[in-house]
Amino acid sequence: MTFLNPGIFVLLPLVFFPLLSLFLKAKPSKVRIVSWLLLQKKSSIDRKRKIHRNLLLLLRCVILFLILLFISKPVPKRLRFDEIWVKASPATQSRRPELERFSRAASSYYGERVKFFGGEQELEEQFGRNSPGQRYYIVSNFSSPVVGLSIKDTVFYDTLSIRNAGVKFVDYSVFSDSFYVYVQNYNLQDSIIRVSLRDSSQDLWSREVLIPKGSIVKVGERLPPEHHTFVFSILTHDDVLYDNHVTVIRPFPQLKYQIVGTNIYLEAFFDEFAAASSKDDAKLLVSVRKVPVPGRATQKVLVFTDRFDESLKLFDVPEVEIAGPLEIAGLNFSKVLLFHEGAITDLHTLLKNATFTTSVEGVLYYILGIVPDPEYNDAVYSPYFWSYILDLVGGSLPVAYTDEGEKAGYISQDTLYLLDTLEANTARIFVDGFESNWISRRNIVNTINLTKCVILGLLLLTTLLEAHLSRRFLTV
C-alpha cells in the first residue's frame, strides 16, 4: 500500500489531540453526606464513566486518523501513478462518453494527475520533459510506438479497440475526369461495404464493395463534366466518422506556381493545371537556365538548363557530360546535359540521365538538362516529355493526413486532408511485449470506489458510535 498524498501525514500528531484531556485534572467533587453505601455507588459510577471516557477518546483518535487517511488517498502500490493520460482524438470520438466517465472517476481520486492527449507524439514529448522514474498510466489505441513504453515498470496502460474502415488515399489525373478513392477495411469483420458518390441533390452512383479485413480496394469512376461539389461516402457503421467521406470540388484546386525566366511552352503547359502566383505564395518554382532563390511557401524547384554554370556547383551538382546532337525516338536534341552515366536507348533513359535531384533546407530541387524549345530540340512535341515533368512536380491533388476532425475529408489550400488512418489501427491487449503492464480501466475505478467506500464507511460507523457513547456518557 502507498499514498498519493503522503505529505498529509505530517499532521499525524493531531490524531492524538483528544488524549490531551487525560492530562487535565478535574476538581474533586464534594461528598456532603458521608455514607459507606453512597461512596460505593459513586465509585462504581466513576469507573463506568472512566471506561466511557477512554473509549470516546479512542474513537475520536480513530475518526481523526480516518480523515487523514482519506485525504492521503491510499492506493495499492501497483496503482500509484504520477500521471494518467487518456487519449482524446477523432479515432476515439465514439468512445468519448466512456473515456469521460473514466476520467471523472480517476480525477475524483487522482486529481490533476489525469490529463488528455491527442497523439502518441505529444506523449513522447511529455515523457522527454518529465523526471526519470515517474510512473504513468496510458489509455490509448496505441496507433504509433511510444518511447515511454521502452521503460519497463514505468508505463502501464489499457487499450481501446477501434472498429473502422475508411478512406486511405485519393487519386485522380489532372488531364481527365477520373476520380478514384482507395478504401481500406482496417478491422471490420463484415467485408461488404457500401460506397456512394452524390452531389447536392442526388446519388450519382452507389454500390456494394467486397473489402476483406485488412485489404484496400480502389473504387470510383469518371466524374460528370459539370462543375459541382461531390461527396464520396462510405456507408458503414464504425467508430471513426471522420474518414468516411471525402468532399470533391470540381474543377479541382490548382497548384500555385511561378516561372522565373521566359519560355512560352512551359508557361502554356503549367497553365493547364496550375495557377500563376507570387513567389512567396507559390509551392512550385519553374526556372529557365538559372537556379532561383525559393520563396516562403516553396516546396519544389524545377530548373530547365542546357549549360553548366557556377549556380549548379553550389548545389553539389557533379561535373556533367554535354551530349548532342542526338536523335532519340525520331526526336532531335542539339544539346543535353547528362548528370548520370548509362546507355541512352530511348527517351526514358535520356530524361533519367538528364535529371539531377537534390534537397536543400526542405526544398526539393529537380534540375533537368533540357530546355523545351523547338530551336534546340524536339522535346516540346513529345507527350512523354510533358508527362515526365508532370510526374516530377506531382500534378495530382496533394494529400495530407490530419487528426483534426473538422479538417479531415475537406480540401484546404490546394491540399486534400484525410484522417490520419494510423489512428484507427486495431488495438491490441498488449504493446511490444508489455502485456504484464496491462491494467484495465475497470480495475482502477473499482479499486478507487472500494477504497473510498471502506474508509468512508468506517468513518461513518465510528462517528455514529462516538455520538452514541457521548450521549450515554452525558446522561450517566
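In the block above lies the structure referred to throughout.
Heads up: these notes are all about the structure in this document.

So, how was this worked out
Residues numbered from 1 in each chain as written. Predicted model: local features only at pLDDT ≥ 70, side-chain atom pairs only at ≥ 80, totals over all residues. Heavy atoms only, no water. Patch = residues over 30% accessible without salt bridge, like charges linked within 9 Å, V, L, I, M, F, W, Y side chains within 5 Å. Areas by Shrake-Rupley, 256 points an atom, 1.4 Å probe, with all protein chains shown as cover. Salt bridge = Lys/Arg side-chain N within 4 Å of Asp/Glu carboxyl O. Helix = DSSP H or I, 4+ residues; strand = E, 2+ residues; numbered from the N terminus. Buried < 20%, exposed > 50% of the residue type's maximum accessible area, 1.4 Å probe, protein only. Contact = heavy atoms within 4.5 Å. Pairing = 2+ DSSP bridges. Axes fitted to C-alpha atoms, helices over the stretch in contact; angles between N-to-C directions. Polar contact = N/O pair within 3.5 Å; in protein donor to acceptor, adjacent residues only side chain to side chain. Core = buried A, V, L, I, M, F, W, Y, C linked by side-chain atoms within 4.5 Å.

A look at a nonpolar patch on the surface
The grouping of Phe17, Leu64, Ile67 and Ile71 at the surface amounts to a nonpolar patch, some 340 Å² of accessible area in total. Inspection of the secondary structure puts Ile71 in helix H1 (residues 36-72).

Some thoughts on the environment of Val86
On the secondary structure map, Val86 appears in strand S3 (residues 83-87). A residue is classified by how much of its surface remains accessible, and Val86, at 0% relative accessible area, is buried. If near-sequence neighbours (up to four positions away) are discounted, Val86 is found in contact with Leu99, Phe102, Val114, Lys115, Phe116, Phe117 and Val139.

Observations regarding helix H7 (residues 383-393)
Those residues of H7 that sit buried are Phe385, Trp386, Tyr388, Ile389, Leu390, Leu392 and Val393. The elements touched by buried residues of H7 are helix H4 (264-270), strand S16 (284-288), strand S17 (300-304), helix H6 (347-353), strand S22 (355-360) and strand S23 (363-368).

Digging into the sheet that holds strand S15 (residues 274-276)
Sheet architecture is open: six strands sit in the order S15-S14-S16-S17-S23-S22, paired in mixed fashion. Among the strands making up the open sheet, the edge pair consists of S15 and S22. The mean angle between the axes of side-by-side strands here comes to 25°, regardless of whether they run parallel or antiparallel. As defined by bridge partners, S16 adjoins S17 across five bridges and the pair is classed as parallel. Looking across to S17, one finds that Leu284 is bridged to Lys300.

Quick look at the side chain of Asn187
Turning to its location among the elements, Asn187 is positioned in the loop between strand S8 (178-185) and strand S9 (192-198). You can call Asn187 buried: its relative accessible area is 11%. There is a polar contact of 2.4 Å between the side chain of Asn187 and the backbone oxygen of Ile162. Separated by 2.9 Å, the side chain of Asn187 and the backbone nitrogen of Asn164 make a polar contact.

Here's the deal with the nonpolar core
Counting residues in each nonpolar core, the largest one holds 36 residues, and the members touching the most others are Phe270, Leu302, Phe304, Phe333, Ile370 and Phe385. With seven residues, H7 is the largest single contributor of residues to this core. If we skip the residues at most four places from it in the chain, Leu302 touches Phe270, Leu284, Leu285, Val286, Ser287, Tyr366, Ile389, Leu392 and Val393. Counting 26 residues, the second-largest nonpolar core is a separate cluster that includes Val75, Leu99, Tyr109 and Leu160.

Re the sheet that holds strand S4 (residues 114-117)
Spatially, S4-S3-S5-S6 is the arrangement adopted by the four strands of the open sheet, whose pairing is parallel. The open sheet is flanked by S4 and strand S6 (155-159), the only strands paired with a single partner. Ignoring strand direction, the axes of neighbouring strands in this sheet form an average angle of 20°. Of the strand pairs in this sheet, S3 and S4 are connected by four bridges, and their pairing is parallel. Looking at S4, one finds that Trp85 is bridged to Lys115. Sheet strands touched by helix H2 (residues 96-110): S3, S4 and strand S5 (136-140). Its angle to S3, the strand with the most contacts, is close to 170°.

What is shown is where atoms sit, not what they do.
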